[in-house]
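# Coordinates in review
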Amino acid sequence: MMIPDEKIAEVRERAGIVEIISDYISLKKSGANFQGLCPFHGEKTPSFNVNPGRGIFHCFGCGVGGNVVTFVMKMEGIPFPEAVKLLAKRVGVEIEERAPTAFEIRQKSEKDEQLKIVAAAAGYYSQLLTKGADGAAARKYMAGRGVKEEIFAPYRLGCASEKWDGLATFLKQSGVPLEKVEKLGLIKRKGSGGGYFDLFRNRLLFTIADLHGQPIGFGGRVLDDSLPKYINTPESPLYQKSDVLFGIDLAKQSMREERSVVIVEGYFDHLALYLSGIRNVVATCGTALTKGHFQLIKRYADKVYLLFDSDSAGRKATLRAMELLLAEQMPCFVIELPEGEDPDSYLANHSTAEFSELMKISRPALDYYLRELVSVENTGTVAGKKAVADQFRPFLQKLTDPVERDLYLKELSRLLAVDVRTLGAVKVIAGISHAKSAPSRISASPADSLVALLFRYPEIAAEFRATGIEALLPVALRKPAARIIDAAAIGENIEPAEIIDTGIPDLNVFAALLVDDSHLEDI
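The following refers to the structure shown. (Residues numbered from 1 in each chain as written. Predicted model: local features only at pLDDT ≥ 70, side-chain atom pairs only at ≥ 80, totals over all residues. Heavy atoms only, no water.)

### Describing the side chain of threonine 290
Counting through the fold element by element, threonine 290 comes out in the loop between strand 14 (281-284) and helix 11 (291-297). What makes threonine 290 buried here is its relative accessible area of 18%. Each residue touching threonine 290, except ones within four places of it in the same chain, is listed here: Ser242 and Leu324. (Helix = DSSP H or I, 4+ residues; strand = E, 2+ residues; numbered from the N terminus. Buried < 20%, exposed > 50% of the residue type's maximum accessible area, 1.4 Å probe, protein only. Contact = heavy atoms within 4.5 Å.)

This is the structure we're talking about:
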């Protein structure tokens, strides 16, 4: 979609950058700027700066920068036109869309049709659960687990009957081409004789939705002891399990408010927390935590609580998640349940307040892992002590904070009764993202400073162009410099947020130049 430039400018001007960003993170006034913890990387000291006067932001920790539109693009994972439309709706700007191209029409039409098919399936399954004989077994099953029927609709629960082709027949009668339903993994083609059969039969169904609450797939649990206990919709054009977290649409607002997220493994674990009033919770859809999941989480939270089963499989899942989160420098804590409990069983017998206490005393993931190693290995022997040290040291290498790394090394020394000097220095692994604190001054190249000076003092624009300096600038800086000079030539001022919208090759560099003028003080 092509949005007129004047509409983009109007949206940008009316959408106050501090107000918009404050919906996602906490900001505090710091001189002319506002500062907060960066939502795009893990950090403990605020290095994320917002300059309201210039309408731009920049993080001195990870280098990301831009204006209010690019911020929303990154946080919501949406393209430029969608971000502008989202902001326009919020600030009351009406956008008239141009006629889309044939390709855009076809692409949007196909996705809309796919979403409608899954939504129709969700409606069908919901009706089966709430009405009629086909849902009786599932209703009885849920009653046995203490789940009341009034939660079925808001939580988007459904069920599949014992019929082999219930969904296929329903959608066919609704005029939906079954080959398109097959593409979404909801039905399968019969091996011989033609026709289709349903993926889900005689199962309770949890609706998997995207960020905006649109159904994109399902997770199904049997109502008896048959196997497999759970099956999920296979991956499709709408659903990729490594990029989807169950319940993210229900959790994102609470995640923003709490700045944290609780990650569980199972659908019933998620439901248990949801029913207890804990809304900043998501579940992995039958897969280990991935980088795609992490990218989704860090849009809304900067702290993770892992809540997996207390059995061996749960401990292994905790370890896998911990490795990823440590590598990304995301603060990670482990909520420990009594032996033999899972989140669902624990909350069935304990109050929300008791669970909140478990969260308060949760241990940092690395501390949890160290204690786990010590409890499993025989540290009364040389071999056991060496095993603990060998397994723990690689995680120390992922810590970029030297104080934290030194403290863990000393704790390892204490628990093993081994001289800390024997354990040796720990070399930090190259490539681990560092959580940097905000520098007092910006490090800028001469070319960077020239463009910043040009913006701050547009009266030098004519001389700048006449001397040919413009042509000597790096390619990434020529376009913004030309915009500033052209505007100055006709007596107009140009805003940095406007230049960012023109798609300069490295907008992060430009945002860093103008979010703070401290690098110009000695020029």
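That shown, we press on.
### Quick look at the state of the cysteines
On inspection of all chains with the given rule, the structure shows zero disulfides. Free cysteine cysteine 62: the closest other cysteine sulfur is in cysteine 59, separated by 3.8 Å. On the basis of relative accessibility, which here comes to 38%, the residue cysteine 62 falls in the partly exposed class. (Disulfide = S-S within 2.5 Å.)

### Re the sheet that holds strand 16 (residues 332-334)
Strand order across the open sheet formed by six strands is 12-14-13-15-16-17, with mixed pairing between neighbours. Each edge of the sheet is formed by a strand with only one pairing partner; in this case those strands are strand 12 (245-246) and strand 17 (363-364). Across three bridges, the pairing between strand 13 (residues 261-264) and strand 15 (residues 304-306) is parallel. In the strand pairing of strand 15, isoleucine 263 is matched with leucine 306. (Pairing = 2+ DSSP bridges.)

### Considerations on the sheet that holds strand 4 (residues 56-59)
Strand order in this open sheet of five strands is 1-2-3-4-5, and the pairing throughout is antiparallel. In this open sheet, the two strands that pair with only one neighbour each are strand 1 (28-30) and strand 5 (65-67). This sheet shows a mean twist of 25° between the axes of neighbouring strands, independent of strand direction. Here strand 1 runs beside strand 2 (residues 33-36); their pairing, made up of three bridges, is antiparallel. Directly across from lysine 29, in strand 2, lies its bridge partner phenylalanine 34. (Axes fitted to C-alpha atoms, helices over the stretch in contact; angles between N-to-C directions.)

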